[in-house]
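Below are the chains, spelled out letter by letter.
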Amino acid sequence: MDTRNTLYDVVVIGGGAAGLFLAAHLPTSKALLIEHKEAAGKKILITGGGMCNLTNTQAKEDFLQHYGSRAQRNFLLPSFQAFPPSSLMQWFESKGVSLVTREDGKVFPASLDAHEIRDVLVRESKASIVYNSKISSLSKDGEYFSIHTDNGCFTCKNLVLATGGMSYPNTGSDGSGYSLAKMLGHSIVPPKPALAAIMVDTYQWKHLAGNAIRSSYAEFHHPGEKKRFLQATGDILFTHDGLSGPLILTASRELKAGDSITFSLLPMENKREVQEYLLALLSSQPKKQVSTILKEAGLVTSLAQQVVRELALDPTSTPAHLNKAQRQDLVRMVTERRFIIKGIKGFNAAMVTCGGVSLKEIDRNNMQSKRVEHLYFCGEILDVDGQSGGYNLQAAFSTAYCVAEHIQV
Ligand SMILES: Cc1cc2nc3c(=O)[nH]c(=O)nc-3n(C[C@H](O)[C@H](O)[C@H](O)COP(=O)(O)OP(=O)(O)OC[C@H]3O[C@@H](n4cnc5c(N)ncnc54)[C@H](O)[C@@H]3O)c2cc1C
């Protein structure tokens, strides 16, 4: 079909999770989806470690609490009310995809293969898809939008921007969608990486990469400030140049170089109780090696050895060898290890983008632009970012559904 001479009811720009889901739910097949990569849904393929964690069932009551700000939660409310995780799951199951829900509420295709999700979305598209199409300009002249690409010019009544954010740019979401939004008069909240690992200064824990601390308690401080600006409990993972894991990923949108993180090497609900417990363990076993006592307390062997090494203790040291100050240092090291943050990983390694098309300029009830009639947005191009656990894909799917429900063809 020569797609260029048709006047389309809808043109969708961006064939990712949001664009494809929208294309599957459009009320018309006189629709075109323009994708600038050679394939659609490239990012879907790497979600959830290639298994695609498409939503989460655990947080029914406080689902919205998993998004970055009150403004975002307020904005997403109507989309989630109209299309919650249960509806998403029903839809995929109705298309023949079996799903599994893990204990932590994360939902995956039973095949644990993200290709299955991507392929169903492409198969269900009601829009024709053109690949490898670079857009040079967009405009609205009277009633219709004109989209100029290196494959010709397309005209449509409704235009949807679903170009994603700018993390993992090699998947196609390279931030070029923000320029398209700007061409049509929208403002962009400056994008920054979110759900990203952090690098830390003078990091001597490289050999611990791959080890995790379960339910660590962490506090974050700006340089020179005594008052913490953030506290969190969750899992922390050691990497070759810093820290990752759910606690760090979630916090990353708030962090910058120079901030510090203080965290426990053990699960900790009450710092004082854990400190007293450790001191009691040391006092009651004066002849046992310190590293053995730390392991008894719950540290993995390599972490216990690292603590002993950092305190410049002999590996065979026992509590009997330690004076009061050394015992206190040891306990502090286990309950309040501090690192200075050297930087946050960039867009090449961040899972999502914080920032994007300003929510103030979009009607949350239908995802239509308040500036340009018949212009819509869905997915991560919007200034919406969720925690890890299926929240970002659900936001992409629910906002796409909202567009499909309200677009006037
Ligand atoms: C490593 C990784 C793992 C993740 N895992 C999960 C997970 O398990 N669960 C979860 O909920 N979220 C996860 N996410 C986040 C999730 O993938 C995104 O939030 C989601 O894909 C956003 O969907 P979208 O359609 O808005 O954008 P995208 O999926 O990024 O799609 C945008 C599409 O638009 C196209 N495009 C961009 N610009 C243009 C242009 N100018 N012209 C034409 N086409 C254009 C792109 O090529 C792309 O195909 C993960 C992200 C990463 C990077």
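Look up: the structure comes first, before these words.
What you see is a predicted model; the values in this text were computed from it and never measured. (Residues numbered from 1 in each chain as written. Predicted model: local features only at pLDDT ≥ 70, side-chain atom pairs only at ≥ 80, totals over all residues. Heavy atoms only, no water.)

Undergrad: What is the right way to look at the sheet that holds strand E5 (residues 106-109) in this model?
TA: To summarise the sheet geometry, strands pair through backbone hydrogen bonds and adopt either a parallel or an antiparallel arrangement. The sheet built from 3 strands is open, its strands ordered E3-E5-E4 with antiparallel pairing. Only two strands of the sheet have a single partner each, and these edge strands are strand E3 (55-56) and strand E4 (99-101). In this sheet, E5 lies alongside E3 in antiparallel orientation, the contact comprising 2 bridges. Each bridged residue has a counterpart across the sheet, and for asparagine 56 the counterpart in E5 is lysine 106. (Pairing = 2+ DSSP bridges. Helix = DSSP H or I, 4+ residues; strand = E, 2+ residues; numbered from the N terminus.)

Undergrad: Help me out: how do you make sense of the sheet that holds strand E16 (residues 337-344) in this one?
TA: The 6 strands are arranged E11-E14-E13-E12-E15-E16 in a closed barrel whose pairing can be described as antiparallel. With direction set aside, neighbouring strand axes in the sheet form an average angle of 50°. Pairing geometry for strand E11 (residues 198-200) and E16, over 3 bridges, is antiparallel. Paired with valine 200 across the two strands is isoleucine 341, which belongs to E16. (Axes fitted to C-alpha atoms, helices over the stretch in contact; angles between N-to-C directions.)

Undergrad: What is the right way to read the environment of asparagine 270 from this model?
TA: Within the secondary structure, asparagine 270 is located in the loop between strand E15 (260-263) and helix H8 (271-284). Overall, asparagine 270 belongs to the partly exposed group, its relative accessible area being 35%. Distance in space between the C-alpha atoms of asparagine 270 and serine 94 is 47 Å, their sequence separation being 176 residues. (Buried < 20%, exposed > 50% of the residue type's maximum accessible area, 1.4 Å probe, protein only.)

Undergrad: How should the pairing of E16 be read in this particular structure?
TA: Pairing of E15 with E16 involves 4 bridges; the strand directions are antiparallel. Following the sheet pairing, threonine 262 is matched in E16 by arginine 338.

Undergrad: For this particular structure, what's the right way to read the site of the ligand?
TA: Every one of the 34 residues lining the ligand counts as a neighbour, but Ala18, Glu35, Gly48, Glu380 and Leu393 are closest to it. At a separation of 2.9 Å, a nitrogen atom of the ligand approaches a polar backbone atom of asparagine 53. With respect to the ligand, the side chain of serine 173 contributes an N or O atom lying 2.9 Å from an oxygen atom. Alone, the ligand offers 1000 Å² of accessible surface; in the complex the protein occludes 96% of this. Those elements that place two or more of their residues in the shell around the ligand are helix H1 (17-25), helix H2 (42-46), helix H6 (176-183) and helix H12 (391-406). Examining the composition of the shell around the ligand, we find that 4 residues originate from one element, H12, more than from any other. (Near = heavy atom within 4 Å. Polar contact = N/O pair within 3.5 Å; in protein donor to acceptor, adjacent residues only side chain to side chain. Areas by Shrake-Rupley, 256 points an atom, 1.4 Å probe, with all protein chains shown as cover.)

Undergrad: Sorry if this is basic, but what is going on with the nonpolar core here?
TA: Ranked by size, the top nonpolar core spans 79 residues in total, and within it Phe21, Phe92, Leu159 and Leu382 carry the most contacts. When residues of this core are assigned to their parent elements, the largest contribution, 10 residues, is made by H12. Setting aside its immediate chain neighbours within four residues, leucine 382 contacts Phe75, Gly355, Gly356, Val357, Leu359, Ile362, Met367, Phe377 and Thr399. (Core = buried A, V, L, I, M, F, W, Y, C linked by side-chain atoms within 4.5 Å. Contact = heavy atoms within 4.5 Å.)

Undergrad: So what exactly am I meant to see when it comes to the pairing of strand E9 (residues 152-161) here?
TA: Looking along a regular strand, one sees the side chains alternate between the two faces of the sheet. Bridging between strand E1 (residues 7-13) and E9 involves 6 bridges; their strand directions are parallel. Along E9, the bridge assignment pairs valine 11 with leucine 159. Pairing geometry for strand E8 (residues 144-149) and E9, over 5 bridges, is antiparallel. Bridging across to E9, histidine 148 finds its partner in cysteine 153. Following E8, the chain reverses through 2 residues before pairing antiparallel with E9. Relative to strand E20 (residues 375-377), E9 is paired through 3 bridges, and the arrangement is parallel. Within E20, the position partnered with valine 160 by the bridge is tyrosine 376.

Undergrad: I keep staring at the pattern of salt bridges and nothing clicks. Help me out?
TA: When the charged atoms of two side chains with opposite charge come close together, those side chains can pair. Under the counting rule described, the total for this entry stands at 17 salt bridges. Here lysine 345 ties to aspartate 241 by a salt bridge, and the two come within 2.8 Å at their closest N and O atoms. Remark: aspartate 241 occurs in the loop between strand E13 (230-238) and strand E14 (242-244) and lysine 345 occurs in the loop between E16 and strand E17 (352-357); sequence separation between them is 104 residues. An identical accessibility class is assigned to lysine 345 and aspartate 241; each is buried. Glutamate 296 is paired through a salt bridge with lysine 288; the nearest N and O atoms lie 2.4 Å apart. Three or more residues joined by partner-sharing salt bridges are found here, namely Lys95, Arg123 and Glu124. (Salt bridge = Lys/Arg side-chain N within 4 Å of Asp/Glu carboxyl O.)

Undergrad: Explain helix H5 (residues 114-124) here, please?
TA: Side chains that are three or four residues apart share a direction in an α-helix, a result of its 3.6 residues per turn. Looking at H5, one finds that the buried residues are Ala114, Ile117, Arg118, Val120 and Leu121. Looking down the long axis of H5, one finds its buried residues gathered within 160° of arc, a one-sided arrangement. In the core, the buried residues of H5 are packed alongside H1, H2, helix H4 (85-94), E5 and H12. (Arc of directions from axis to C-beta.)

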